[in-house]
Amino acid sequence: MPTIKIQTSQNIELEYELAGIGDRLVAYIIDLLIYAAYIITVFLIADAAGGKSGSNWTPLFLILPIFFYQLLCEVFLNGQSLGKKAKQIKVISLNGNQPNIGQYLIRWIFRIVDDMIGSGVIAILTISLSDKAQRVGDILAGTTVVRTNPNTAFRETLYSETEADYKAQFDLVHLLNDSDI
């Protein structure tokens, strides 16, 4: 899986595993299911309240939350929509800081180009062709999407098996405190 290294302002290099097209697509589908559930709920409530589904207030309640869903989720849920949270991916800034509202706003505005024009083909092409797996909105905002739970095998950690006949050289070392050491 491709990774990205980001130098923070404290000169610490962080390495993240980039979210692939598959992860991002599944997160997007989960968000679409949330949109559908919201629309159905609003129509059911409007119907139960005795209103018609074609009344003047229903379209406003339908459009506004769905229209601002991605922006509000990313701002208030630390760079994640509910779909991204389910797939354990999030938006990060390429400078190592938490993305600011301006970066989230740029991503959200250019979602029109990425997702709606060409039915997502532009987003898929730019994600697969860019070295940091960025769509147009990410490139302009200086962000990318990474996995929050990297696929690390247990054998890749610092843990190592000890031999069955291992004999500790200093078997009373556990009795020492910090100042003794």
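Basis of the calculations
Residues numbered from 1 in each chain as written. Predicted model: local features only at pLDDT ≥ 70, side-chain atom pairs only at ≥ 80, totals over all residues. Heavy atoms only, no water. Buried < 20%, exposed > 50% of the residue type's maximum accessible area, 1.4 Å probe, protein only. Helix = DSSP H or I, 4+ residues; strand = E, 2+ residues; numbered from the N terminus. Pairing = 2+ DSSP bridges. Phe/Tyr/Trp six-rings, centres within 6.5 Å; stacked < 30°, edge-to-face > 60°. Core = buried A, V, L, I, M, F, W, Y, C linked by side-chain atoms within 4.5 Å.

**Q** Talk me through the pairing of strand β4 (residues 143–147); I want residue IDs and the actual numbers.
**A** Across the 5 residues of β4, 5 count as buried, placing the element largely inside the fold. Where burial is concerned, the two faces of β4 agree: the one with Thr 143, Val 145 and Arg 147 and the one with Thr 144 and Val 146 are both buried. Pairing analysis gives 5 bridges linking strand β3 (residues 89–93) to β4, with the strands arranged antiparallel. For Lys 90, the partnering residue across the bridge sits in β4 and is Val 146.

**Q** Lay out the packing of aromatic side chains with the relevant residues and their values.
**A** Taken as a whole and judged by the stated rule, the model has 4 aromatic pairs. Seen from their ring centres, Tyr 35 and Tyr 69 are 5.2 Å apart, and the 85 degrees between their planes marks the pair as edge-to-face. With Tyr 35 in helix α1 (residues 21–48) and Tyr 69 in helix α2 (residues 57–76), this pair connects stretches of sequence that are 34 residues apart. Residue Tyr 35 shares its accessibility class with Tyr 69, and that shared class is buried. Taken together, a centroid distance of 5.1 Å and an interplanar angle of 85 degrees make the contact between Phe 67 and Phe 68 edge-to-face. Here Phe 67 falls in the partly exposed class, since its relative accessible area comes to 45%.

**Q** I'd love a proper account of unusual backbone geometry, names of residues and values included.
**A** For Asn 78, which is not glycine, the phi dihedral falls at a positive 60 degrees. Tracing the sequence through the fold places Asn 78 in the loop between α2 and α3 (82–87). Among the residues examined, Asn 78 registers a relative accessible area of 39% and is labelled partly exposed. Notably, Ala 133 is not glycine yet its phi reads approximately 50 degrees, a positive angle.

**Q** Requested: an account of the nonpolar core, with residues and values cited.
**A** In this structure, Ala 19, Ala 27, Leu 71, Ile 89, Val 91, Tyr 104, Trp 108 and Val 145 together form the largest nonpolar core, which totals 8 residues. Within the second largest apolar cluster, 7 residues are counted, among which are Leu 18, Ile 92, Ala 133 and Val 146.

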